[in-house]
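# Observations on the model geometry
Spelled out from the first residue to the last, the chains are:
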Amino acid sequence: MATLADPSVTLPDGLASALEQVAAIHPECDLANPGTPSATVAVLRQRYGVLDYLVLADSPVVLERASGDHTVITDLRVDEVLPELRAEVERHETHTPGHREALQRLVSAQRQVRNTPDGYWVAGTNPEAAHHCLTGEVNLDEVRSAAVMSDGVSRLVSEYATATWDEVFRALRTSGPTGLINSVRETEATDPTGRRWPRYKSGDDATVAYCQW
């Protein structure tokens, strides 16, 4: 947030700077290890009547247009990597030995192609990843509201298909992020072992920032 406080700094440059700073405060860590922690990134910044957005990996930014339509900005390149291993994970119910073993194989293989031209990009120790984001801008007067969220929330629409974006934003207006996240958890509780919706785990991290103008 500090690097992006200056509106003249582009979102990719600000993210790259932040990644460099975080890496610099961990000199004792093996930052070249493929298992080094990494994260998705979703940023929305208001600047002089314009909204800038940046998405790296599958945490989306969703814009509710003044027209009532919705624009979803999300980076799904990770879904194109290692499809055979992903399918193997989804053949098993969660919390089973077969699922754990298949997931471990997938994660190990993903680490080898993470932040490489042949794989996908996330925020890790390599600041170059910041320049592989999806970015853009939109005039603020074209947007009624926006939601920045983790994929643990967006899957209510994208994977579970139990809500539309119109319903998601209606829930945000009436019950806020807490109400929406509760809806996600209630939905997942109806399928705890992933039989209806095959997935990596019963429920993923769920975070929402909701913005209105």
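You'll find the structure just up there.
This report concerns the structure included in the present document.

Rules of the game
- Residues numbered from 1 in each chain as written.
- Predicted model: local features only at pLDDT ≥ 70, side-chain atom pairs only at ≥ 80, totals over all residues.
- Heavy atoms only, no water.
- Core = buried A, V, L, I, M, F, W, Y, C linked by side-chain atoms within 4.5 Å.
- Buried < 20%, exposed > 50% of the residue type's maximum accessible area, 1.4 Å probe, protein only.
- Helix = DSSP H or I, 4+ residues; strand = E, 2+ residues; numbered from the N terminus.
- Contact = heavy atoms within 4.5 Å.
- 1 Å grid on protein atoms, 1.4 Å probe; cavity = no way out; pocket = protein on both sides within 12 Å on 5 of 7 lines; lining within 4 Å.
- Points joined across faces, edges and corners; volume = space filled by probe spheres on them.
- Nonpolar A, V, L, I, M, F, W, Y, C, P; charged D, E, K, R; others polar.
- Axes fitted to C-alpha atoms, helices over the stretch in contact; angles between N-to-C directions.
- Parallel < 35°, antiparallel > 145°, perpendicular 65-115°, else oblique.
- Polar contact = N/O pair within 3.5 Å; in protein donor to acceptor, adjacent residues only side chain to side chain.
- Pairing = 2+ DSSP bridges.

Looking now at the nonpolar core. Counting 20 residues, the largest nonpolar core has Val153, Val168, Phe169, Leu172, Leu180 and Val208 as the members making the most contacts within it. When residues of this core are traced back to their parent elements, those giving at least two are strand 6 (143-149), helix 4 (151-158), helix 5 (165-189) and strand 7 (208-212). If you tally residues by element for this core, the top one is helix 5, at eight residues. Apart from residues no more than four positions distant in its own chain, Val153 is found in contact with Leu180, Ile181, Val184, Ala206, Thr207 and Val208. Within the second largest apolar cluster, 14 residues are counted, among which are Leu4, Val41, Leu54 and Leu56.

Turning next to the layout of surface pockets. Put simply, the largest pocket is a space of about 1200 Å³. Around the largest pocket, the lining is made up of 38 residues, and of these Asp58, Asp151, Arg155, Tyr200 and Asp204 lie nearest the centre. Mapped onto the lining of the largest pocket, the elements with two or more residues apiece are helix 2 (83-90), helix 3 (97-113) and helix 4. Ranked by residue count, the leading element in the lining of the largest pocket is helix 4, at five residues. A breakdown of the residues in the lining of the largest pocket according to their chemical character gives 16 nonpolar, nine polar and 13 charged. Within this model, the second largest pocket holds a volume of roughly 360 Å³. Lining the second largest pocket are 16 residues, and of these Met1, Ala2, Thr3, Leu4 and Val43 sit closest to its centre. Going through the elements one at a time, helix 1 (11-24) and strand 1 (41-47) are the ones with two or more residues in the lining of the second largest pocket. The leading source of residues in the lining of the second largest pocket is helix 1, at six residues. For the lining of the second largest pocket, the residue count by class is twelve nonpolar, three polar and one charged.

With that settled, the discussion passes to the packing of helix 4 against helix 5. To describe two helices that pack against each other, one gives the angle between their axes and the distance between the axes. Remark: helix 4 packs on helix 5, axes separated minimally by 10 Å, with the N-to-C direction vectors making an angle of 100°. One way to sum up the angle between helix 4 and helix 5 is to call them roughly perpendicular. Between helix 4 and helix 5, the residues in contact are Gly152, Val153, Ser154, Arg155, Leu156 and Val157 and Trp165, Val168, Leu180, Ile181, Ser183, Val184, Thr187 and Glu188, respectively. For the contact of helix 4 with helix 5, the residue count by class is eight nonpolar, four polar and two charged.

For the rest of this paragraph, the subject is the environment of Thr10. With respect to the helices, strands and loops of the structure, Thr10 is situated in the segment before helix 1. For the pair Thr10 and Thr135, spaced 125 residues apart in sequence, the C-alpha separation works out to 9.7 Å. Leave out the neighbours within four places in its chain, and Thr10 touches Leu4 and Arg45. Within the structure, Thr10 has its side chain in polar contact with the backbone nitrogen of Asp13 (distance 3.2 Å).

A few words on the pairing of strand 3 (residues 61-65). When you tally the buried positions in strand 3, you get four out of five residues, the bulk of the element. Two elements, strand 3 and strand 4 (residues 70-73), share four bridges in a ladder whose sense is antiparallel. Each bridged residue has a counterpart across the sheet, and for Val62 the counterpart in strand 4 is Val72. Where strand 3 folds back onto strand 4 in an antiparallel hairpin, the turn is made up of four residues, including Gly68, whose phi is positive at roughly 100°.

With that settled, consider the sheet that holds strand 5 (residues 134-139). Strand pairing within a sheet occurs via backbone hydrogen bonds; the two strands may be parallel or antiparallel. If you walk across this open sheet you meet the three strands as 1-2-5, and the pairing is antiparallel. The open sheet has two edge strands, strand 1 and strand 5, and neither has a second partner. When the angles between neighbouring strand axes are averaged without regard to direction, this sheet yields 15°. As judged from the seven bridges shared by strand 1 and strand 2 (residues 50-56), these two strands associate in the antiparallel manner. Bridge pairing in strand 2 places Val41 opposite Leu56. Its contacts with the sheet place helix 1 against strand 1, strand 2 and strand 5, and it is angled at close to 50° to strand 2.

Nothing here speaks to function; it is geometry throughout.
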